[in-house]
Amino acid sequence: EALPLPARDEVVRLLPPEDALHALPFVSKGTLAALEELHLPIGRLKGSIEEAVRQAHALRRAYELGTLDLSERRHLTDMSALAGCAALHTLSLSKCQSLTDLSALAGCVRLHTLDLSRCGGVTDLSPLASCATLHTLNLSYCFRLSDADLPALAGCAMLHILELRGSRRGLTDVSALSLCPSLHTLNLRSCKGVEDVT
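The structure presented is a predicted model; accordingly, all values stated were derived computationally and were not measured.

Caption draft 1: Region of interest: the overall build of the chain. Counting secondary structure elements, the chain contains 2 helices and 8 strands. Contacts spanning at least 24 positions in sequence make up 50% of the contacts within the chain whose residues lie at least 6 apart. Roughly 9600 Å² of accessible area belongs to the chain as shown, and the carbon and sulfur atoms make up 52% of that amount.

Caption draft 2: Focus on the environment of Asp 115. Relative to the helices and strands, Asp 115 resides in strand β5 (residues 113-115). Placed 24 residues apart in sequence, Asp 115 and Leu 139 show a C-alpha to C-alpha distance of 6.9 Å. Beyond its immediate chain neighbours, meaning those up to four positions away, Asp 115 contacts Leu 91, Ser 92, Leu 93, Ser 94 and Asn 138. A polar atom in the side chain of Asp 115 sits 2.7 Å from the side chain of Ser 117.

Caption draft 3: Focus on the packing of aromatic side chains. What the rule picks out here adds up to 1 aromatic pair. Each ring, one from Tyr 141 and one from Phe 143, has its centre 6.2 Å from the other, and the planes form 75°; the classification is edge-to-face.

Caption draft 4: Seen up close, the side chain of Ser 94. Within the fold, Ser 94 resides in the loop between β4 (90-92) and β5. A polar contact of 2.9 Å, which involves the side chain of Ser 94, links it to the side chain of Ser 117. With residues up to four places along the chain from it excluded, the contact list for Ser 94 reads Ser 71, Glu 72, Asp 115 and Ser 117.

Caption draft 5: Quick look at the nonpolar core. Residues Leu 93, Leu 114, Leu 137, Leu 153 and Leu 164 are the most contacted members of the largest nonpolar core, which totals 44 residues. Apart from residues lying up to four places away in sequence, Leu 137 is in contact with Leu 114, Leu 116, Leu 128, Leu 153, Leu 159, Ile 161, Leu 162 and Glu 163.

Caption draft 6: Here's a closer look at unusual backbone geometry. Even without a glycine there, the phi angle at Arg 118 is positive, about 60°. Mapped onto the secondary structure, Arg 118 falls in the loop between β5 and β6 (136-138). With a phi close to 60°, Tyr 141 is a non-glycine residue in the positive phi region. Residue Tyr 141 is classed as partly exposed on the basis of its relative accessible area, which comes to 24%.

Caption draft 7: Molecular detail of the pattern of salt bridges. This model, assessed by the stated rule, comprises 1 salt bridge. Residue Arg 165 pairs with Glu 163 through a salt bridge whose shortest N-O separation is 2.6 Å. Given a relative accessible area of 19%, Glu 163 falls into the buried group.

Caption draft 8: Focus on the side chain of Ser 140. Relative to the assigned elements, Ser 140 resides in the loop between β6 and β7 (161-163). With residues near it in sequence (within four places) discarded, Ser 140 still touches Ser 117, Arg 118, Glu 163, Leu 164 and Arg 165.

Caption draft 9: A look at the environment of Glu 195. Summarising the element assignment, Glu 195 is placed in the segment after β8 (185-187). In this structure the C-alpha to C-alpha distance between Glu 195 and Asp 173, which are 22 residues apart in sequence, comes to 8.0 Å.

Caption draft 10: Main features of the state of the cysteines. In total, this model carries 0 disulfides according to the counting rule given. The cysteine Cys 119 is free of any disulfide, with Cys 96 supplying the nearest cysteine sulfur at 5.3 Å. Just so you know, Cys 180 is unpaired, no disulfide at all, and the nearest cysteine sulfur is the one on Cys 156, 6.6 Å from it. On the accessibility criterion, Cys 180 (5% relative accessible area) is buried.

Caption draft 11: Expanded view of the confidence of the model for the chain. Per-residue confidence for the chain gives a mean pLDDT of 75, with 66% of residues at or over 70. Here residues 43-50 is modelled with pLDDT under 50, and outside its nearest four sequence neighbours on either side it reaches 21 contacts, counting other chains as well. Per-residue pLDDT stays below 50 along residues 52-57; that stretch engages in 9 contacts with residues further than four places along the chain or on separate chains.

About the thresholds
Residues numbered from 1 in each chain as written. Predicted model: local features only at pLDDT ≥ 70, side-chain atom pairs only at ≥ 80, totals over all residues. Heavy atoms only, no water. Helix = DSSP H or I, 4+ residues; strand = E, 2+ residues; numbered from the N terminus. Contact = heavy atoms within 4.5 Å. Areas by Shrake-Rupley, 256 points an atom, 1.4 Å probe, with all protein chains shown as cover. Polar contact = N/O pair within 3.5 Å; in protein donor to acceptor, adjacent residues only side chain to side chain. Phe/Tyr/Trp six-rings, centres within 6.5 Å; stacked < 30°, edge-to-face > 60°. Core = buried A, V, L, I, M, F, W, Y, C linked by side-chain atoms within 4.5 Å. Buried < 20%, exposed > 50% of the residue type's maximum accessible area, 1.4 Å probe, protein only. Salt bridge = Lys/Arg side-chain N within 4 Å of Asp/Glu carboxyl O. Disulfide = S-S within 2.5 Å. pLDDT = per-residue confidence, 0-100.

If you want it as structure tokens, here you go:
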């Protein structure tokens with residue numbers, strides 16, 4: 001039976017038990033359309049998030065989803081369901097170690113805060129060029145990032161805070177960040193290959 005539609009001004013928080021992901025297909029379309037916050041950290045959830053989303057493409061109907069926490073989903077690879085989440089404001093994908101493709105984020109045009117810390121498979125940042133409102137980006141310990149990936153951030157005209165700490169020797173030249181006009185906080189701690197930040 002479908003869950004009832006909440007009041008439009010109510011912030012909905014879905015903090016699921018062990019297998020609640022598999023209940024997403026049974027949530028009414030109206031409830032999903034009004035959903036504003038969804039927290040699905042690893043906890044004790046069974047299976048992978050992409051399997052549940054693929055079954056019903058549930059998140060494609062979450063038109064007002066503003067906050068989404070998918071941290072520590074180490075088997076997450078498919079984020080295509082996020083392409084329809086145009087209202088997404090805050091997204092945490094921290095420690096999603098199998099994640100490589102960020103193309104779905106190109107449609108998240110209102111994205112303000114994105115946490116990709118410890119996503120070791122991420123290299124191509126070009127989808128983020130469409131995120132003109134991105135304010136805070138955490139790329140800490142994304143070991144595969146290189147100098148060639150940074151120019152894509154030039155499209156993030158509102159980027160204020162960028163975390164690149166722990167990138168080891170993958171980064172040596174961060175001069176491309178001069179194309180980010182609003183950048184005022186840059187963390188390069190433990191980026192041993194970066195010697196010149198002028």
